[in-house]
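Architecture at a glance
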Amino acid sequence: MQATDPDIQWVEPPKLGLGERMYLPLFLQGLTTTTKHLVSAKVTVSYPDQEPEIDNPLIYRGVHRLNRDEQGRVKCVACFLCATACPAHCIDILGVESPWEDREKYPESFTIDELRCIFCGMCEQACPVDAIELTSLYNLTGRSREEMIFDKEKLLSVYDATKDKEPMKSAQLPPVTTPSTATPSTATSTSPTEGGA
Amino acid sequence: MAIVLIDGQEIEIGDDERLNGIQVAARAGVEVPHYCWHPGLSVVASCRMCLVETGKRDADSGEISMLPKLVPGCQTPARDGTVFVTDSEKVRQARAMVEEDLLIRHPVDCPICDKAGECHLQDYHFEHGRPERRADIKPFHSRRRELGETVTLFVDRCVMCTRCVRFTREVSGDAELMVVHRGAHEEIDVFPGFPLENKLSGNVVDLCPVGALGDLDFLYSQRVWFMKQHASVCAGCSTGCSIQVEENQDRIHRLKPRENPHVNQWWMCDEGRYGWKYVHDNARCLAPQQKTEGAWQPLDWSDAPAVLHAALSGENCSPENSPPKNSNPKKRRLAAVLSPFLTVEEAYLLATYIRQYDENAVLALGRIPQAGADESFPNGFTIRAEKCPNRRGVEMLLSALTGDVLSWESFLEQAAETPFDAVWITGGYPPVNGNDGAGEDVASEEEKSLATELPAGLASSTLIVQDLFDSALWRQADIQLPSAAFVERSGSFVNAGNRLQSFEWAIRPPAGVMTEGQLYWRLLDRDGLYNARRVLEDVAREHIAFAAASGEIPATGRDLLLNQLV
Ligand code: SF4
Ligand code: SF4
Ligand code: SF4
Ligand code: SF4
Ligand code: FES
């Protein structure tokens, strides 16, 4: 990027007033905060002996999981919207034609580099079928970098491990109707809209 | 001079121009949304997306009288005094109604639809549709059936514009596609037992304004927004269709035709469309090597100038010193074979380099691959039998440099009579069986024999071979230089109709490969990176046959013969 790039915004540091130049008011402000915390109730826990309590797992942004559909297959349709939205470019998908009659496309491989992930939750927001979700699992560790690149199986296993505690966030939404299966050429198929219209 | 009014703007059009409302509006910078109209097909005015208000301005009084109802812009000719209004409330409502109607029967497939991101239905709905859905319809997925080897149909995504049907009737001429059923049950289909099977079939996918027609080769290989587009020229045959290479991270995902009224209009053939696979073939030659005392040694590109100097002049020079120029004290007899896959610029640079060593170096045209006969379609599109992109360009250059074009066959005869001391052979040919989209064996006898045995007369020369794939020539070479594929090069091709089209590289060559242009540029000791534009300027200045190629070359290319007359 060149210095003349129109996308660059040049900002000047704010001018310091007399009080700020004397440091004293800010110094006192900082000390007040410290003192307040010294006397108020403790919020820290002594992890790992003590596990922190997560208030609302639905909005906690921890390890990802890939949800399963009613038949236990990966719910993801390989639309790449999460990979598109991801600011850390840590989602890697290989989308292919699905082996199932009633579904068109699915991810043959789906990996998330958890080390690169910044746990922003954009992938969850982008997903049109609520297939990717961030769970409240926070204690993410591994012995090697490779171990931290989660593949499809691992992400599905996170779902299996957490599904009872944290139900799928979209469970209450009505499921998409299954499509009429591909009809042979010019067969007298009824238009699938008829049922719904 | 006729004057047409678009939303109050006066647009001048030529007297002999026959434009419709959509086209004049485009000149005024106003986009009229449309599905069924396509400049290359007949007008059916069936989708009603392009509805506009029209009227007439009286030439004498200047008074404007409008028609009470909306008319399709695609079917309304623009004449002197015609008035179009494309932004009135009435027009906006009509568009919203068309969009709403189309979406009543449309599946919710965008996440898995290959067209998403370049879909007219999406774009138009975003721009012209209603903000919310009034009909209460359950979402569903599209049915799918195969139309042929190359194209699949997602039945319920179709908006019945019939572009595909008209294409097979008017352009490819085989009329495989048709509309079955009626009213809201209309569907596109093929007659049982007669699949969509013609050499232009891939074009229907580009034509389809929505994701109803899917390219089986491209299906699900990439979301369109990840790809970058590069204007290029197809190297499949000497028609030289203008194309667009769509690539992501140096991997091609599809080729698409690029509009060029002088060459391919809006189309390209399947052979070219699917014929790029060899570019990513694992069998490609990737490592430069030289033979020293009968054994292959890897060659570093930075040593190449010295090594090539030694091979051509017969004199050694240490790699540290740059080789002396123009020194050929042993008066060795040299030759270079310029492949019809080289760009004009590369051929010129190589010829210049060889002639530095031997002013009378023999320059010959490489082997011209042929397959079958030229094939023309009803609208004039031609697939040529000559399966190389730049025969004309290299020929013109050769006749400018040597006054004559020495063919590969005559060159071999000449070599058999009096062997050359050193021969530089350029290739760049696609693999013998790989250039045909259908995968059938198109190799000629000559190609097969070249793959296995070395032509007589070359055995005693020092051979420098630059090629994409392994062949007898490659194996017998003294210096092997891997070559770049057409999408990795920059330069110009001259097609069978003498039209010169320039293009830039679309992807970087695989590791280990240096493009021809860059290598020759370096051998000639020029500064910086290979710049095809500058080389072409030199060629145009030095050779009258290329005089028309000076200056900026338009995206549609320049006719070298025609432009010399004016
Ligand atoms: S949480 Fe954010 S960074 Fe992590 S995978 Fe999702 S989108 Fe990417
Ligand atoms: S956004 Fe959802 S459905 Fe799309 S690829 Fe990501 S996980 Fe799969
Ligand atoms: S055709 Fe267009 S609107 Fe329809 S599913 Fe495909 S992308 Fe979406
Ligand atoms: S398949 Fe595509 S091109 Fe053919 S009629 Fe339907 S929308 Fe138009
Ligand atoms: S584009 Fe004019 S009616 Fe379809």
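1. Describing the overall build of chain A
Across its full length, chain A carries six helices and five strands. Each helix and strand of chain A, ordered N terminal to C terminal, gives the series α-α-β-α-β-β-α-β-β-α-α. Taking all 197 residues of chain A together, the buried fraction comes to 19%.

2. Brief notes about the site of ligand 2
Looking at ligand 2, there are 13 residues lining it, with Cys76, Cys79, Cys82, Cys127 and Ile132 of chain A nearest. Residues that form the shell around ligand 2 fall into these classes: 13 nonpolar, no polar and no charged.

3. What about the pairing of strand 24 (residues 491–494) of chain B?
All names here are of chain B. On strand 24, burial covers both faces: Gly491 and Phe493 on one face and Ser492 and Val494 on the other are all buried. Judged from the four bridges that link them, strand 24 and strand 25 (residues 499–503) form a sheet pairing that is antiparallel. Counted as the bridge partner of Gly491 is Phe503 from strand 25. The turn joining strand 24 and strand 25, which pair antiparallel and follow one another in sequence, is formed by four residues; a positive phi near 65° is taken by Asn498.

4. Observations concerning the site of ligand 4
Taken together, 14 residues surround ligand 4, and among them Cys158, Cys161, Cys164, Cys208 and Ala212 of chain B come closest. Partitioned by chemical class, the residues of the shell around ligand 4 number twelve nonpolar, one polar and one charged.

5. Focus: the sheet that holds strand 15 (residues 289–292) of chain B
All names here are of chain B. Within the open sheet, the seven strands sit side by side as 16-15-23-22-21-17-18. Their pairing is mixed. Two strands bound the open sheet, and with one partner strand each, they are strand 16 (295–298) and strand 18 (362–365). Each strand of the sheet is rotated relative to its neighbour by a mean of 15°, with strand direction disregarded. Pairing of strand 17 (residues 334–338) with strand 21 (residues 422–426), which is carried by four bridges, proceeds in the parallel orientation. If you follow Ala336 over to strand 21, its bridge partner there is Trp424. The sheet strands contacting helix 10 (residues 408–417) are strand 17 and strand 18, and the helix crosses strand 18 at an angle near 140°.

6. Re helix 9 (residues 391–402) of chain B
Residue and element names in this part refer to chain B. Its twelve residues place the ends of helix 9 16 Å apart at the C-alpha level, agreeing with the 16 Å of an ideal helix rising 1.5 Å per residue. Taken together, the buried positions of helix 9 are occupied by Arg391, Arg392, Gly393, Val394, Met396, Leu397 and Leu398. Of the surrounding elements, those touching the buried residues of helix 9 are strand 17, helix 8 (344–357), strand 18 and strand 24. After helix 9 finishes, the residue Gly403 shows a positive phi value of roughly 80°.

7. Side note on the pairing of strand 13 (residues 242–248) of chain B
Residue and element names in this part refer to chain B. Where strand 12 (residues 228–233) meets strand 13, six bridges bridge the pair, whose relative direction is antiparallel. In the sheet register, His230 faces strand 13, and the bridge partner there is Val245. With six bridges joining them, strand 13 and strand 14 (residues 251–257) adopt antiparallel strand pairing. Bridge pairing links Glu246 to Arg254 in strand 14.

8. Considerations on the sheet that holds strand 7 (residues 144–146) of chain B
All names here are of chain B. Spatially, the three strands line up as an open sheet ordered 7-8-11, and their pairing is antiparallel. Of all strands in the sheet, those with a lone pairing partner are strand 7 and strand 11 (213–215), marking the two edges. Sheet twist, expressed as the average angle between the axes of neighbouring strands with direction ignored, equals 30°. Where strand 8 (residues 151–154) and strand 11 come together, three bridges link them in antiparallel fashion. Residue pairing across strands places Thr152 opposite Gly214, the latter belonging to strand 11.

9. A short note on unusual backbone geometry
Between Tyr47 of chain A and the following residue, Pro48 of chain A, the backbone shows a cis peptide bond with an omega angle of 5°. The topology assignment puts Pro48 of chain A in the loop between helix 2 (24–39) and strand 1 (64–66). Its identity is not glycine, yet Glu293 of chain B carries a phi of approximately 50°, on the positive side. With respect to the element layout, Glu293 of chain B can be found in the loop between strand 15 and strand 16.

10. Overview of the confidence of the model for chain B
Residue and element names in this part refer to chain B. Residues with a pLDDT of 70 or more make up 93% of chain B, whose mean pLDDT is 91. Every residue in residues 434–442 is under pLDDT 50, and counting partners more than four places away or in other chains gives 16 contacts. The complex prediction reports pTM at 0.86, with the ipTM value standing at 0.83.

11. Observations concerning the packing of helix 8 of chain B against helix 14 (residues 532–542) of chain B
Residue and element names in this part refer to chain B. The geometry of helix 8 relative to helix 14 is characterised by a closest axis approach of 9 Å and an angle of 70° between their N-to-C directions. Taken together, helix 8 and helix 14 sit at an angle that is classed as roughly perpendicular. Between helix 8 and helix 14 the crossing geometry is left-handed. For the pair helix 8 and helix 14, contact is made by Val344, Glu345, Tyr348 and Leu349 and by Ala532, Val535, Leu536 and Val539, respectively. Here the residues of the contact of helix 8 with helix 14 are counted per class, giving seven nonpolar, no polar and one charged.

Analysis parameters
Residues numbered from 1 in each chain as written. Chains lettered and ligands numbered in written order. Predicted model: local features only at pLDDT ≥ 70, side-chain atom pairs only at ≥ 80, totals over all residues. Helix = DSSP H or I, 4+ residues; strand = E, 2+ residues; numbered from the N terminus. Buried ≥ 20, exposed ≤ 12 C-beta atoms within 10 Å, placed from the backbone. Near = placed C-beta within 6 Å. Nonpolar A, V, L, I, M, F, W, Y, C, P; charged D, E, K, R; others polar. Pairing = 2+ DSSP bridges. Axes fitted to C-alpha atoms, helices over the stretch in contact; angles between N-to-C directions. Contact = placed C-beta atoms within 7 Å. Expected span 1.5 Å × (residues − 1). pLDDT = per-residue confidence, 0-100. Parallel < 35°, antiparallel > 145°, perpendicular 65-115°, else oblique. Left-handed = near helix turned anticlockwise from the far one by under 90°.

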